[in-house]
Amino acid sequence: MIIAPSILSADFGNLEASIDRVHNAKWLHVDVMDGHFVPNLTIGPVVVKGIRQYTKQVLDTHLMITDPMKYAKAFVEAGSDRITFHVETVDDPKYVIDMLHELGVAVGISIKPGTKVKTIKEYLPFVDQVLVMSVEPGFGGQEFMPGALSKIRELAMLKKTINPNLLIAVDGGINEKTGKECKEAGADVLIAGSYIFKSEKPSERMATLQ
Ligand code: DX5
Ligand code: ZN
């Protein structure tokens, strides 16, 4: 499994210390929110740039913003390695996937809890990652929505024939119980915020998920 700590639950007054606490994670998940696609505001490229100077970890950037193409280049220049956009935000997902690949990053496509797998099926051959939201995007610390499990199962079936290298990621409400269920359903990447960072020992929580 790839375990990706979500820095949304980190200490933004001391981000360096938070990142140090999860330094053995290969990926860091970075949640970008615009107060429009989701009812919360978080960080922009300037913060990604700061994180990039501090760590070599893979920066897995989750754009929860209405106009991903408007800001994608800025995030790539700031140091994002992977960029995931929401299918609900764009008219032409294939165009966005191609543009992001041209910028030199790995590309993910994400679906909210209310969006069906069939919405993204035709794009699965072209992406590196699919991100199943298991909470309504916007906030950390919410409860896992079990409906995500059948989507992961469906994607795990599809990927066998369509794109064996596809990474299936799940984001929201991940802990040792829901993480295990997601793994059994076929997930490759567990994104976890509060479970890891709201603990005294984040590295133990990561090891438990691993
Ligand atoms: C929610 C974000 C998540 C969030 C998960 O919109 O996309 O990455 O940080 O937080 P937890 O793990 O606390 O549900
Ligand atoms: Zn996220």
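Reading the values: rules and limits
- Residues numbered from 1 in each chain as written.
- Chains lettered and ligands numbered in written order.
- Predicted model: local features only at pLDDT ≥ 70, side-chain atom pairs only at ≥ 80, totals over all residues.
- Heavy atoms only, no water.
- Donors = N, O, S within 2.8 Å, 3.2 Å for Na, K, Ca; no water.
- Tetrahedral: all angles 85-135°; square planar, octahedral: opposite > 155°, others 65-115°.
- Helix = DSSP H or I, 4+ residues; strand = E, 2+ residues; numbered from the N terminus.
- Phe/Tyr/Trp six-rings, centres within 6.5 Å; stacked < 30°, edge-to-face > 60°.
- Lys NZ or Arg CZ within 6 Å of the ring centre and 35° of its normal.
- Core = buried A, V, L, I, M, F, W, Y, C linked by side-chain atoms within 4.5 Å.
- Buried < 20%, exposed > 50% of the residue type's maximum accessible area, 1.4 Å probe, protein only.
- Contact = heavy atoms within 4.5 Å.
- Near = heavy atom within 4 Å.
- Polar contact = N/O pair within 3.5 Å; in protein donor to acceptor, adjacent residues only side chain to side chain.
- Areas by Shrake-Rupley, 256 points an atom, 1.4 Å probe, with all protein chains shown as cover.
- 1 Å grid on protein atoms, 1.4 Å probe; cavity = no way out; pocket = protein on both sides within 12 Å on 5 of 7 lines; lining within 4 Å.
- Sits in = over half its atoms within 2 Å of the grid points.
- Axes fitted to C-alpha atoms, helices over the stretch in contact; angles between N-to-C directions.
- Parallel < 35°, antiparallel > 145°, perpendicular 65-115°, else oblique.
- Left-handed = near helix turned anticlockwise from the far one by under 90°.
- Nonpolar A, V, L, I, M, F, W, Y, C, P; charged D, E, K, R; others polar.

A. Layout of the coordination of the zinc ion (ligand 2). On the protein side, the zinc ion (ligand 2) has His29 (NE2), Asp31 (OD), His62 (ND1) and Asp171 (OD) as donor atoms, found 2.1 to 2.3 Å from it. Each of the six donor atoms bound to the zinc ion (ligand 2) contributes to angles spanning 71 to 169°, and the resulting shape is octahedral. Counting residues between consecutive donors of the zinc ion (ligand 2) along the chain gives the motif H-x1-D-x30-H-x108-D. Pair noted here: His29 is in strand β2 (residues 27–33) and Asp171 is in strand β7 (residues 167–171), with a separation of 142 residues, a long-range link.

B. Representation of the packing of aromatic side chains. Per the counting criterion, the structure on display carries zero aromatic pairs. A cation over a ring is seen here: Lys94 above Phe126, with NZ or CZ 4.5 Å from the ring centre. Above the face of the Tyr195 ring, Arg205 is positioned so that its terminal group lies 4.5 Å from the ring centre.

C. Structural context of the nonpolar core. Core analysis: the largest hydrophobic core is formed by 59 residues, its most contacted members being Ile7, Cys182 and Ile196. Considering every element that reaches this core, the biggest residue donor is helix α5 (residues 147–162), with six residues. Beyond its immediate chain neighbours, meaning those up to four positions away, Ile7 contacts Phe12, Leu15, Leu28, His29, Val30, Ile43, Ile51 and Phe197. Within the second largest apolar cluster, nine residues are counted, among which are Ala4, Trp27, Leu167 and Ala169.

D. Representation of the site of ligand 1. Residues in close proximity to ligand 1 total 20 residues, the closest being Ser6, Asp31, Gly141, Asp171 and Ser194. In this structure, an oxygen atom belonging to ligand 1 sits 2.5 Å away from a side-chain N or O atom of Ser194. Out of a free accessible area of 380 Å², ligand 1 has 100% covered by protein chains. Under a 2 Å grid-point criterion requiring more than half of the atoms, the pocket assigned to ligand 1 is the largest pocket.

E. Layout of the packing of α5 against helix α6 (residues 176–185). It is the contact of α5 with α6, at a shortest axis distance of 8 Å, that shows an interaxial angle of 30°. Classified by the angle their axes make, α5 and α6 are roughly parallel. α6 is crossed by α5, and the crossing has right-handed handedness. On α6, the residues touching Leu149, Ile152, Arg153 and Ala156 of α5 are Glu181, Cys182 and Ala185. Looking at the contact of α5 with α6 residue by residue, the class counts come to five nonpolar, no polar and two charged.

Remember, this is a structural readout, not a statement about activity or role.
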